[in-house]
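# Summary of structural features
Single-letter residue listing:
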Amino acid sequence: MSQQGYVATPPYSQAQPGMGGYPAGFGSAPAQPLYRHYGGPPQSFPAPPTGMMKPVSSPSGMPPPQVPSHYGSNGQQNGAHPQSYPAPPYGQPLQSPYHSMAHQGPPPAQQLTNQMGAMNLGYGPGAVQSPQAPPTSHLTQQQFQTSPPTAMGHPPMGPHSSQMAHPQSPLAGPTMAGPQSMGGPPPMGGMGRPFPGPPPPGAGGFQQPGPGAAGPPGHPQQLQGQFGGQMAGPGMAGPGMAGPGMAGPFQGGAAQMAGPPQKKLDPDSIPSTTQVIEDDQAKRGGQVYTTNLRGQVPPLVTTDYTVQDQGNASPRFMRCTTYSFPCTADLAKQCQVPLATIIKPFATVPKNETPMYVVNHGETGPIRCNRCKAYMCPYMQFTDGGRRYQCGFCNCVNEVPAFYFQHLDHMGKRVDFYERPELSLGSYEFAATLDYCKNNKPASPPAYIFMIDVSYANIKSGLVRLVCDELKTLLDNLPREDGAESSMVKVGFVTYNKILHFYNVKSALAQPQMMVVSDTAEMFVPLLDGFLVNFQESRAVINNLLDQIPDMFADTNESETVFAPVIQAGVEALKAAECSGKLFIFHSSIPTAEAPGKLKNRDDKKLINTEKEKTLFQPQKAVYEQLSKDCVSQGCSVDLFLFPSQYVDIATMGDVATHTGGSVFKYSNFQVERDGQHFLSDLRKDVEKAIGFDAIMRVRTSTGFRATDFFGAIHMNNTTDVEMAAVDCDKAVTVEFKHDDTLSEETGALMQCALLYTTISGQRRLRIHNLSLNCSAQLSELYKSCETDALINFFAKSAYRAMLNQPLKTVKEILVNQAAHMLACYRKNCASPSAASQLILPDAMKVFPVYLNSLLKTGPLVGSAELSTDDRAHQRLSTTAMGVEDTQLLLYPRLIPLHNMDVASDVVPTPVRCSEERLTDAGMFLLENGCSLFLWLGQACPPEMIQSIFNVPSLAHVSIDLRSLPELDNPQSQKLRSIVDSLLDQRPSSMKLMIVKQKDRSEIMFRQHLVEDKGLHGGASYMDFLCYVHREIRQVLT
C-alpha cells in the first residue's frame, strides 16, 4: 500500500499545520487512525493482561502525558514498554512523515546543460504546494525542454488531497535536471536503460514543444505524452562527473550544449543539511528527552537537549541506524538499510544529567539470566508474586534469589521498582566480584608510561624539551575517581633511539637512575621496584629526571629508531606490575634500526587507482599483529604521537594503537612555535580524559536477531567478545545486526550492551546499556525511524574496512549501489505513485546523499597521487573509532559566518551550507570539521573588522602564520575567541587554527572541506551526485 507523502516545499521543511492526518502541534494523535497506528490519544493505561499490550500511538514521538509510572501505569511489569510509534524523522514537519520529494536544482549551467527536461522536482499527490510561485527565472523554457509531469499542476485526488495547502499554485518548484543527465535520453517506452546519443524527435510518444510553446510565466506547460512528459533535449550527455578519483560509474561525458545556455537554478531547492539541523534544533532543542518509549527517535546529534533516563539508554551512549527494525530477514534484504547501533559506552554526560548509578550486590554479584546470561534490566518481567522473573531476551523463567525478593504491587510491578536503577533505568553499573577479575585476583590501578624518542629529529625540533616541561605540570591532572584527593594512576618513563633507557624514580632516591637495554630482540624490563611510581610521592625525583633528559641527549647524532621493542617493553612492565595501563609514545620516524618490527618505505604512488592500491593500507603483519594481541591480553593501550617529516607507514605503526583502544596523533614537519600548542592541547586532553581499562564488551539481543559485525578500535578473538585494552569517552563501537528469525511487532527488538572494565582506581565494574526498538512489517515505519547521521557512520566504517580487501572503485560502487537500493525500495514501497522523473527521498534520509557524496570524496576513498598515503591511512584509522557526532561533523563541516555576528549574544552564528557559493568577498568565515579549523578572510573584508580582530590595519598585514588570535579588548575579538574556544572545548581532539585568505595558495586546504562543491582530487558536486543517484535509483526500479 502506498503512503500519501509529505512533499517538501522549497524552504525545505517548514511545518504546515493540519496535513497528512496530524493536527498542528505536538502530542495529540491523528484524527483518523493512520496506517499501522492504533489511533486515539495517548491515555493512562489500565492494566491489560500481560503480553496483550497494544502500542500507544504518539505521533510526535513525545512521551505520553505524565502518568505516575515511568512507563505509564500499565499492568506491564518492568520494561514491557508501551510502544510508541517513532517520532517523525528529523527536521521535518509533523504531518505525514513518509517522504519528501527532494527539490533538485541543477548545478551551474555549463555543467548541467539542458538537464532540466529530464527530471523534475518531486511533487506528488497530496503535495504541500508552495504558497507562491518561484521567480520565473527558475524555469527558463527553451526548445527541447518539457514541463514537469501532470502530477505537478493537477494532483490526482488521492485520499489526502483534500488537505492540500495551496492547490491554487500550480507551480510547486523549479524543475530539475534529470537522471539521464549522465549520458542519454529518458527511458523509452518505460525502458530504464540510458541510450547513447540523442533520441529521435518526438520518440516514444513524447511531444516536444516548439520554441514558442512555453506557457504563461511561472506556469509549467502540461504535456500530452504517454509518460506524463519527461523529455530530454538532444545530446544531453550530462555534467561530466568524471574526475581523477571517480572512475567507473561516475564518468559522464562532457555536457554538450543544446540551445542557449540555461539560467542557474537555485541550489537552495535541494535538501540542505544546515536546514535539517536548524529545524531539529528549533523543534527539539532545549527540551528534556525522556527515554520511556520503545523505538523513539532521539534528537539529532547536533541538537542541544537534556536526557532523562527512564528505562532506555541515552542516545549519547547508543544510537541506531533505524529505531524500527523490519520484522523479517526478507524485508531487511529488500530495503538494504543496514541495521546497526553505534555504542559509545563511556560517552561524556553533561553536568545537568544524572551520573551513572553503581549497584552493589556484594558477594553474590549481579543477577543474571541462567540461560542467556543477560543482566537484570527493565526488560525482565516478574511473575508468581515476585518469586520468578522471565528474561526479556531469551524468555527463560528464572528463580529470584532470596536476598533480591520483593513483593509486586497491584499493577504487577515490584514495590522497590524506583529504588533499583537496574529495574528502572536504561544505563547503570554493577560492582563486579572476583569472578569477573583476571585469575580471580582483585585488579590494580592502571599505570601510564611515557616513552620518548630521543633521536636527532626530536631533539633538534625541540619536541623532547617541550614534552618534558609539560609533564611536570600535566601529571598533576592524571584522571581520578570523582571526589578522590589524588589520582591512583602510577607513572613510568622510558627514552629510546636504537636502544632503550629505563629510569628508576623511586621516592627514596636523591637522583634518578638510568638503566640501558641494548638487546632489542629479547626485550625485558631491567627493574621492577622504582619504575612505576606514584607521582605525588616521587615528584622531586621525576622533576629532576624531566630536567635532565633534554640535556642528556642534546648532542646526539643517532637518527635511527626502533618501535616494536618499545611497545614490547611497555607490555612487559605492566605484566611485571600486574596492572593494565597506557603507553604514550612520542615518535619521529619510520623504524629502520635492526630490531623486530623494522619497516621499509613501501609508499608507491604507482599503485594508486590500481588493484594493488589496497596494499598501501594493509599493515605489515608478523610482529605487529602479535604485539596487538599481547597488548590486549595485558590491558595495555597505546597512544601514538607521531612527528614525521616524511613517510612513516602509519598503516602499520598505527595498527597496534587502533587495536588496543588507543589513538594516533600526527604532526607533520613539527615546529615548536607553530605546532607546539596544538600538540600540547591534544596531549592534555588525552592524559586527562575519562577512561576504563582491560575491557571486554558483549552485545546481547532478544530472539530473532543478533550482532554479527563490529567496527572500532577493538580486537576480536572470537565472534562475540569485543576486547579493548582501554576504552575512553570518545571511542565508539559500531555493531551490525542480522536476522536469524522473525521479529514480533508486539515484543519489539531488545539489546543489552555489557562492558566489563577496570576503573581508574582499580575496581572491576560492569557498565550496562539497554535499548528497546520497535519492529514493523511495514517498510514505511523503518524509513520514518531512520537516522542519517548513524547510517553514514556505519557506511564510513564499513567502506574503510572494505578498502583493505577490495579496489577503491569497487568499494565506491557498492556504496552508491546500496544507497540507490535503499532509496529505490522506499520509492517503490512507501511513496505515492508519481512520475519516474521525480526524485523522492524519505524525509529522515533527505540529506543522506550529501553525506554519502562527502564520504566518497574523503582522502581514504579518493585515489589521488596528490594526497599523502600516511594522511589517508591516518584518516582511515581515526574514523574507525569515531562516534556519530564525530563522523557527522567530519563529513559535513560547520561553516560559520562571522562578519555579521551579534557580539551582544552568547549564541554561535548559525552555520551556512558548506559551499563556495555561500562565501562573500566582504565576509569572514570559520570552518571546522573536528580535525581542522580554518578562519577564511574575504578579499574585501572591511579594515575595521580586521583591525578589531588582528590589530593590524588591513588584510594585507594579516600574517597567515598566526596560530592563535590576539587577545584584544573589544567585543568582536572577545566574541570570536569565545566561539573558537567553545568549539575547541567540544571536540575530542584539539584543532590547529589556520588563517586563510581568499585567492591565496593556502585556500586549497580550506576548499577541500566545502563538501557540496566538486572535489579537488576528483568527486562530484552535491548537485551532480544527486542526479547520478537519481539515475541509479531509476535503473534499480526498472
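Above: the structure in question.
Report on the accompanying structure. Each chain carries its own residue numbering, running from 1 in the written order of its sequence. Where totals are concerned, whole chains, interfaces and linings use all residues; where local detail is concerned, this predicted model gives features only for residues with pLDDT of at least 70, and gives and counts side-chain atom pairs only at 80 or more. No hydrogens and no water enter the side-chain calculation; it runs on all heavy atoms of the structure.

## Considerations on the overall build of the protein chain
Formally: Helix numbering and strand numbering both begin at the N terminus, where a helix is a DSSP run of H or I of at least 4 residues and a strand a DSSP run of E of at least 2. For every residue, the accessible area obtained with a 1.4 Å probe (protein chains only) is divided by the maximum for its type, and the residue is called buried under 20%, exposed over 50%, and partly exposed between those limits. By definition, residues are in contact when any of their heavy atoms lie within 4.5 Å. Areas reported as accessible are Shrake-Rupley estimates using a 1.4 Å probe. Residue values count occlusion only from the protein chains shown.
What the protein chain contains, in helices and strands, is 20 helices and 31 strands. Counting over 1038 residues, the protein chain shows a buried share of 62%. Counted over contacts in the protein chain with a minimum sequence separation of 6, partners at least 24 positions apart contribute 75%. Summed over all atoms, the accessible surface of the protein chain reaches about 37100 Å², with 52% contributed by carbon and sulfur.

## A look at the sheet that holds strand β10 (residues 397–399)
For the record, the criterion: Any two strands are treated as partners once DSSP identifies two or more bridges connecting them. As a rule, the C-alpha atoms of each element are fitted with a line to give its axis, helices using only the stretch in contact, and angles between N-to-C directions run from 0 to 180 degrees.
The strand order across the open sheet formed by three strands is β8-β9-β10, and the pairing between neighbours is antiparallel. Lying at the two open borders of the sheet, with one neighbouring strand each, are β8 (381–383) and β10. Within this sheet the neighbouring strands show an average axis-to-axis angle of 30°, counted without direction.

## Remarks on the packing of helix α5 (residues 463–474) against helix α10 (residues 672–688)
Under the convention used in this document: Crossing handedness: left-handed means the near helix sits turned counterclockwise from the far one by under a right angle, and right-handed means the same turn made clockwise. Classification used: nonpolar for Ala, Val, Leu, Ile, Met, Phe, Trp, Tyr, Cys and Pro, charged for Asp, Glu, Lys and Arg, polar for all others including Gly.
The interhelical angle for the contact between α5 and α10, taken along N-to-C directions, is 40°, at an axis separation of 11 Å. In the packing of α5 onto α10, the handedness of the crossing is right-handed. In this structure, α5 uses Leu463, Leu466, Val467, Glu470 and Leu474 to contact α10, whose residues at the interface are Val672, Gly676, Phe679, Leu680, Leu683, Arg684, Val687 and Glu688. Partitioning the contact of α5 with α10 into residue classes produces nine nonpolar, one polar and three charged.

## Some details on the packing of helix α13 (residues 808–829) against helix α14 (residues 848–856)
This is how it is decided: Each angle receives one of four descriptions, namely roughly parallel if under 35 degrees, roughly antiparallel if over 145, roughly perpendicular if within 65 to 115, and oblique otherwise.
Remark: α13 packs on α14, axes separated minimally by 11 Å, with the N-to-C direction vectors making an angle of 175°. Taken together, α13 and α14 sit at an angle that is classed as roughly antiparallel. Note on element contacts: α14 touches α13 through Phe848, Leu852, Leu855 and Leu856, opposite Lys812, Leu815, Val816, Ala819 and Met822.

## A word on the sheet that holds strand β24 (residues 733–739)
Here four strands make up an open sheet; going across it, the order is β4-β6-β24-β21 and the pairing antiparallel. Every interior strand has two partners, whereas the edge strands, β4 (318–320) and β21 (705–711), have only one. Across the sheet, the axes of successive neighbouring strands diverge by a mean angle of 25°, strand direction being ignored. Taken together, the three bridges between β4 and strand β6 (residues 340–343) define a ladder with antiparallel strand orientation. Bridging from a neighbouring strand, cysteine 320 pairs with threonine 341 of β6. Here helix α12 (residues 788–802) sits on the sheet and contacts β4, β6, β21 and β24; the angle it forms with β21, its principal contact strand, is near 60°.

## Looking at the packing of aromatic side chains
Keep this limit in mind: In this scheme Phe, Tyr and Trp rings, the latter by its six-membered ring, pair at centre separations within 6.5 Å, and the angle between planes marks the pair as stacked below 30 degrees, edge-to-face above 60, and tilted otherwise. Definition used: whenever NZ (Lys) or CZ (Arg) falls within 6 Å of the ring centre and also within 35 degrees of the ring normal, the charge is taken to sit over that ring.
Evaluation of the coordinates by the stated rule reveals 36 aromatic pairs. With 6.0 Å between their ring centres and 25° between their planes, phenylalanine 450 and phenylalanine 493 make a pair best called stacked. Residue phenylalanine 450 is found in strand β12 (residues 447–453), and its partner phenylalanine 493 is found in strand β13 (residues 490–496); the two are separated by 43 residues along the sequence. Judged by its relative accessible area of 0%, phenylalanine 450 is buried. Centre to centre, the rings of phenylalanine 643 and phenylalanine 679 are 5.2 Å apart; their planes meet at 85°, and the pair counts as edge-to-face. With phenylalanine 643 in the loop between β18 (636–642) and α9 (650–659) and phenylalanine 679 in helix α10, this pair connects stretches of sequence that are 36 residues apart. By relative accessible area, phenylalanine 643 is classed as buried at 6%. Joined through ring pairs, the aromatic side chains of Phe586, Phe641, Phe643, Phe665, Tyr667, Phe670 and Phe679 make up one cluster. Here the guanidinium or amino end of arginine 316 rests over the ring plane of tyrosine 305, the centre of that ring lying 4.7 Å away.

## Looking at helix α18 (residues 971–986)
Condition: Here the expected length of a helix is defined as 1.5 Å per residue gap, with one fewer gap than residues. Here a polar contact is recorded for every N or O atom pair within 3.5 Å, except that within protein the pair must consist of a potential hydrogen donor and a potential acceptor, and residues adjacent in sequence are included only if both atoms are side-chain atoms.
The end-to-end C-alpha distance of α18, which contains 16 residues, comes to 23 Å, matching closely the 22 Å that a straight helix rising 1.5 Å per residue would cover. Listing the buried residues of α18 in full gives Ser973, Lys975, Leu976, Arg977, Ile979, Val980 and Leu983. Contacts from the buried residues of α18 go to β28 (894–897), β29 (924–928), β30 (932–937) and α17 (943–950). The N-cap of α18, judged by a side-chain oxygen 3.1 Å from the amide nitrogen of glutamine 972 a few residues on, is asparagine 970.

## Quick notes on the nonpolar core
Put simply, the test is: The definition of a nonpolar core used throughout is a set of buried Ala, Val, Leu, Ile, Met, Phe, Trp, Tyr and Cys residues joined through side-chain atoms within 4.5 Å.
Core analysis: the biggest nonpolar cluster contains 150 residues, and Phe325, Phe502, Ile567, Ile585, Tyr783 and Leu855 have the highest contact counts within it. For this core, the element with the most residues is α13, which contributes 11 residues. Within the second largest apolar cluster, 42 residues are counted, among which are Val464, Val541, Leu545 and Ala726.

## Considerations on helix α20 (residues 1022–1037)
Taking 1.5 Å per residue, 16 residues should reach 22 Å; α20 reaches 22 Å between its end C-alpha atoms and fits that length. Extensive coverage of α20 is indicated by the burial of 13 of its 16 residues.

## Side note on the state of the cysteines
Where we set the bar: The disulfide criterion is simple: two cysteine sulfur atoms within 2.5 Å.
Summed over all chains, the structure comprises zero disulfides. For the unlinked cysteine cysteine 335, the closest cysteine sulfur is that of cysteine 825, found at 5.5 Å. On the accessibility criterion, cysteine 335 (0% relative accessible area) is buried.

## Here we look at the environment of leucine 627
Along the polypeptide, leucine 627 turns up in helix α8 (residues 623–634). On the basis of relative accessibility, which here comes to 2%, the residue leucine 627 falls in the buried class. As for leucine 627 and isoleucine 567, which are separated by 60 residues in sequence, their C-alpha atoms are 7.7 Å apart. Excluding residues that lie within four positions of it along the chain, leucine 627 makes contacts with Ala564, Ile567, Gln568 and Val656.

## Considering the environment of glycine 386
Note on placement: glycine 386 falls in the loop between β8 and β9 (388–390). The exposure class assigned to glycine 386 is buried, which follows from its relative accessible area of 0%. Taking the C-alpha atoms as reference points, glycine 386 and arginine 414, separated by 28 residues in sequence, lie 7.1 Å from one another. In this view, glycine 386 contacts Val400, Phe405, Gln406 and Leu408; residues no more than four positions away in its chain are not counted.

## Digging into the environment of valine 847
By the element assignment, valine 847 lies in the loop between β27 (840–842) and α14. Look at valine 847 and you get buried, because its relative accessible area is 5%. Sequence separation between valine 847 and serine 272 is 575 residues; the distance between their C-alpha atoms is 6.6 Å. Aside from chain neighbours lying at most four places away, what touches valine 847 is Pro271, Ser272, Thr273, Val276 and Thr788.

## Quick notes on the pattern of salt bridges
For the record, the criterion: One side-chain nitrogen of Lys or Arg within 4 Å of one carboxyl oxygen of Asp or Glu is enough to make a salt bridge.
By the definition in use, this model includes 49 salt bridges. Between aspartate 416 and arginine 414 there is a salt bridge; the shortest N-O distance is 2.9 Å. Here aspartate 416 matches arginine 414 in class, with each residue buried. The salt bridge partner of lysine 846 is aspartate 843, with a shortest N-O separation of 3.6 Å. Shared partners join several salt bridges into a network, and the residues in it are Lys582, Asp639, Asp686, Lys689, Asp728, Asp730 and Lys731.

## As for unusual backbone geometry
Look at asparagine 395: it is not a glycine, yet its phi comes out positive at around 70°. In this fold, asparagine 395 is placed in the loop between β9 and β10. Here asparagine 395 falls in the partly exposed class, since its relative accessible area comes to 44%. One non-glycine residue with positive phi stands out, namely asparagine 439, at about 55°.

Such coordinate-based values are descriptive only and should not be taken to indicate function.
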